Amino acid sequence: MDALSIVVDEVALEGLDGITLPSLWIRLEDRQPKFPLKLDDCTKGLIWRSLVSNSDLSFYELPEEREDVELFDRYKDIDPETGFETKQKFSHERRDVYSVHAIPENKNGIQGSCLFFKERKNITKQFRCKSLTPLVNLQEALEKYGRKLVAVASQALRFRTLIGSENDPELKLSNDSYCLLERVGRGRWQGELQSDLHGGLFKVDARKLHYFRKSLVKHELITMQSYIRRLKTGQQQHSILLLLKRFHVNRRNKYDILMEHVSNFLQQLPDQFTTVDNLKDHLNLNDKTIKRLFRNLRYTKLVEFSQYPLEDLDPSAEPCTNKNGSKVLVRCIKLVKPYGKRGAADFDDEDEEDDEEEGYTGGGGRVLSEGRIMERDVLSQAYHIILSSGTKGIPQRDIGLRMNVGKLESRMICRRLSRDGVIKSFMVDEGRQRTSKFISHKFASVSNQLQLFAKEQERNKLLFFSAPDMLDTEPASPKTSSTSRGPASKSCRTPTAKKGKKAGGGQNKGTGEGQQVCGDPTEDVEEEKLDGKRDEAHEISGAKRTEEEDDVTTKQMEADIPVTQSTQAE
């Protein structure tokens, strides 16, 4: 890369905020590898003319002056023994001239973070004509504008600089993911710590920042490596260092090298197994270093420690028992997995389970991704998926899987549809969990009827449990012949008597027939059947009567028959 291309690269890496000329000189002096030209007045004049004549660059005037960038070396205060950061001064007290202000979507497709995106003025025409010839020199531009003048690269140039030449330039990223990529690119070789991004700059939850980072890792735009720093309290804080792929450097501390050496040593042994004493003799390290090494091996789950009797490992060794008669145990170490490069999955300890990538629902069923129809909007497609689920409903997770969108997108879709009143949510018990499902407004009335039906069933259960208490309070006794005849004569009526009563017949006739029928048990059974038919008619017409009450009535009728027969026999 030649000198002028390096200058354009530095302007593009600074992002949508642009870079002032004094900050550009600072960036070029700290360039790695070194800038090939000496930054004197002649070189700066040459750089200014090259910037003005470049059609991919524009110049803006800020409403206020911007301070110069402050560079730092993240690995300056690293302990070579432990690989931990010993000082935290530059991490918290370092002044940052760029704040995160993501611009909304616009028709020109511009993405990035800029504090004065709407307030700044485009003054490119004052510096060059249509033939790209400079109109003013560097000295005049600095005298007139000073640190209010910034150079900004075009959207295509900035995006190409961030993703590299090997990635697809048509790749689409969300505004938040692009701002994160822009911030990491501005860090150059120092990168950005994820803990500093979500806590200080983006001011979002760590889980949300994970989703911003997820698409960048998926398309291999950034790299991640562990970073440990020591706080003022003496505790160690583990974080993730994010770097552009072009600036990635595999920095390993002393213990990473020792862990790789232990892994290679155990792989050469039979069963990848040996004693701890044998490993210590092979490493030939002091006790403090061995202790820290074993702690890192446990933390990374590369090995497992165990104890075995000495007689099983070496039958010829003596003694094999202690003074109390127990067996002598030897501490051993076994390799679980070989030492290798950590992947993106190893850094997701703060994230929730990514079951949606596997395509499985919480209930164990598999939901196939249907994708999205580009000719239709997302909300209508989500609504038709919920409508097709019927009265059973569908959880938010299945909606995201079928539409092939992320968790945040599916959550926003469901909230928007619920706010518009086209869907409703309800809770369902699935095992030991309560799952929220969504149902269309067309089936909302049906679901309300189902809830009323469920309440009616609960009411019937309460009536069923209270029925025996009601039977115990009845004063009638079938053993007394004098009291049993009165109620029997009232309840036993033939169809003929009822027809006569409806037609206006005499009361004596109905009473006489009723007395004759009560003496005949066969006709009493027929009357019981007719009573059953009348009960069915009452149920059809809307009368509510439980089966338990019918059984009680039948038993009472059957108990009245032998009492009547015994009365006639007397």
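Quick note: structure is the one above.
For clarity, every value in this text was computed on a predicted model and none was experimentally measured.

1. Describing the overall build of the protein chain
And step 1. Scanning the protein chain from terminus to terminus reveals 23 helices and 13 strands.
And step 2. Within the span of the protein chain, comprising 570 residues, buried residues form 37% of the whole.
And step 3. For the protein chain, the share of sequence-separated contacts (at least 6 apart) that also reach a separation of at least 24 residues comes to 66%.
And step 4. For the protein chain, the computed accessible surface area is about 35400 Å², with 50% contributed by carbon and sulfur atoms.

2. Details of unusual backbone geometry
And step 1. Residue Gln-32 is joined to Pro-33 through a cis peptide bond whose omega torsion reads -5 degrees.
And step 2. Positionally, Pro-33 belongs in the loop between α2 (21-29) and α3 (41-52).
And step 3. Positive phi values are uncommon outside glycine, yet Asn-284 reaches one of about 60 degrees.
And step 4. Relative to the assigned elements, Asn-284 resides in the loop between α11 (276-283) and α12 (287-300).
And step 5. On the basis of relative accessible area, Asn-284 is assigned to the exposed category, the value being 67%.
And step 6. For Lys-301, which is not a glycine, the phi torsion comes out positive at approximately 60 degrees.
And step 7. Its place among the elements puts Lys-301 in the loop between α12 and β9 (303-309).

3. A closer look at the pattern of salt bridges
And step 1. Under the defined criterion, the tally for this structure stands at 14 salt bridges.
And step 2. The partner of Arg-27 in a salt bridge is Glu-14, with the nearest N and O atoms 3.4 Å apart. With a gap of 13 residues between them, Arg-27 in helix α2 and Glu-14 in the loop between α1 (3-13) and β1 (19-20) connect regions that are remote in the sequence.
And step 3. Taking the relative accessible area as the measure of exposure, Arg-27 reaches 13% and is therefore buried.
And step 4. Among the residues examined, Glu-14 registers a relative accessible area of 0% and is labelled buried.
And step 5. Here Arg-147 ties to Asp-68 by a salt bridge, and the two come within 2.9 Å at their closest N and O atoms. Of this pair, Arg-147 sits in the loop between α5 (138-145) and β4 (149-153) while Asp-68 sits in the loop between β2 (57-61) and α4 (89-92), placing them 79 residues apart in sequence.
And step 6. Each of Asp-9, Glu-10, Glu-14, Arg-27, Arg-31, Arg-188 and Arg-246 takes part in a single network of salt bridges with overlapping partners.

4. Observations regarding empty space enclosed by the protein
And step 1. Inspection of every chain in the model, using the stated rule, returns three cavities of 30 Å³ or more.
And step 2. Reported here for the largest cavity is a volume of approximately 50 Å³.
And step 3. If you trace the largest cavity, you find it lined by Ser-99, Val-100, Ser-113, Cys-179, Glu-182, Arg-183, Arg-186 and Phe-202.

5. Section: the packing of α2 against α3
And step 1. Where α2 contacts α3, the two axes come as close as 12 Å, and the packing angle between them is 115 degrees. Taken together, the axes of α2 and α3 lie roughly perpendicular to each other. When the axes of α2 and α3 are compared, the crossing they make is right-handed. Contact residues: α2 offers Leu-21, Leu-24, Trp-25 and Leu-28, while α3 offers Lys-44, Ile-47, Trp-48 and Leu-51.
And step 2. Looking at the contact of α2 with α3, its residues break down into seven nonpolar, no polar and one charged.

6. Some remarks on the environment of Gly-18
And step 1. Position of Gly-18 relative to the elements: it lies in the loop between α1 and β1.
And step 2. Residues Gly-18 and Val-150, 132 residues apart in the sequence, show an inter-C-alpha distance of 5.4 Å.
And step 3. Not counting residues within four places of it along the chain, the set of residues in contact with Gly-18 comprises Arg-66, Tyr-98, Val-150, Ala-151 and Val-152.

7. Section: the environment of Pro-395
And step 1. Structurally, Pro-395 can be placed in strand β11 (residues 394-395).
And step 2. Its relative accessible area of 16% is what places Pro-395 among the buried residues.
And step 3. Measuring from C-alpha to C-alpha, the distance between Pro-395 and Ser-436 comes to 6.1 Å, with 41 residues separating the pair along the chain.
And step 4. Apart from the residues within four sequence positions on either side, Pro-395 is in contact with Thr-435, Ser-436 and Lys-437.

8. A few points about the sheet that holds strand β12 (residues 423-430)
And step 1. Spatially, three strands are ordered β11-β13-β12 in an open sheet, and the strand pairing comes out antiparallel. Whereas interior strands pair on both sides, the edge strands pair on one side only; in this sheet they are β11 and β12.
And step 2. Alignment of β12 against strand β13 (residues 433-440), held across eight bridges, turns out to be antiparallel. Bridge pairing in β13 places Ile-423 opposite Ser-440.
And step 3. Of the strands in this sheet, β11, β12 and β13 touch helix α15 (residues 378-388), which is tilted by about 110 degrees from β13.

9. Quick word on helix α7 (residues 175-186)
And step 1. Along its 12 residues, α7 runs 16 Å from first to last C-alpha, staying within 8% of the 16 Å computed at 1.5 Å per residue.
And step 2. Burial analysis of α7 places 11 of its 12 residues in the buried class, which makes it a mostly covered element.
And step 3. Residues of α7 that are buried include every one of Asn-175, Ser-177, Tyr-178, Cys-179, Leu-180, Leu-181, Glu-182, Arg-183, Val-184, Gly-185 and Arg-186, and no others.

10. Some details on the sheet that holds β1
And step 1. Read from one edge of the open sheet, four strands run β1-β4-β2-β3, paired in antiparallel fashion. Either end of the sheet is taken by a strand with one partner, and the two such strands are β1 and β3 (121-122).
And step 2. In terms of strand pairing, β1 meets β4 through two bridges, oriented antiparallel. Directly across from Ile-19, in β4, lies its bridge partner Ala-151.

11. A look at a nonpolar patch on the surface
And step 1. Among the surface-exposed residues, Leu-4, Leu-37 and Leu-46 lie close enough to one another that they form a single nonpolar patch of about 220 Å² accessible area.
And step 2. Topologically, Leu-46 is positioned in helix α3.

12. Describing the side chain of Thr-124
And step 1. By the secondary structure assignment, Thr-124 is in the loop between β3 and α5.
And step 2. Those residues within four positions of Thr-124 in sequence are excluded, and the remaining contacts are Ser-58 and Phe-59.

Calculation criteria
Residues numbered from 1 in each chain as written. Predicted model: local features only at pLDDT ≥ 70, side-chain atom pairs only at ≥ 80, totals over all residues. Heavy atoms only, no water. Helix = DSSP H or I, 4+ residues; strand = E, 2+ residues; numbered from the N terminus. Buried < 20%, exposed > 50% of the residue type's maximum accessible area, 1.4 Å probe, protein only. Contact = heavy atoms within 4.5 Å. Areas by Shrake-Rupley, 256 points an atom, 1.4 Å probe, with all protein chains shown as cover. Salt bridge = Lys/Arg side-chain N within 4 Å of Asp/Glu carboxyl O. 1 Å grid on protein atoms, 1.4 Å probe; cavity = no way out; pocket = protein on both sides within 12 Å on 5 of 7 lines; lining within 4 Å. Points joined across faces, edges and corners; volume = space filled by probe spheres on them. Axes fitted to C-alpha atoms, helices over the stretch in contact; angles between N-to-C directions. Parallel < 35°, antiparallel > 145°, perpendicular 65-115°, else oblique. Left-handed = near helix turned anticlockwise from the far one by under 90°. Nonpolar A, V, L, I, M, F, W, Y, C, P; charged D, E, K, R; others polar. Pairing = 2+ DSSP bridges. Expected span 1.5 Å × (residues − 1). Patch = residues over 30% accessible without salt bridge, like charges linked within 9 Å, V, L, I, M, F, W, Y side chains within 5 Å.

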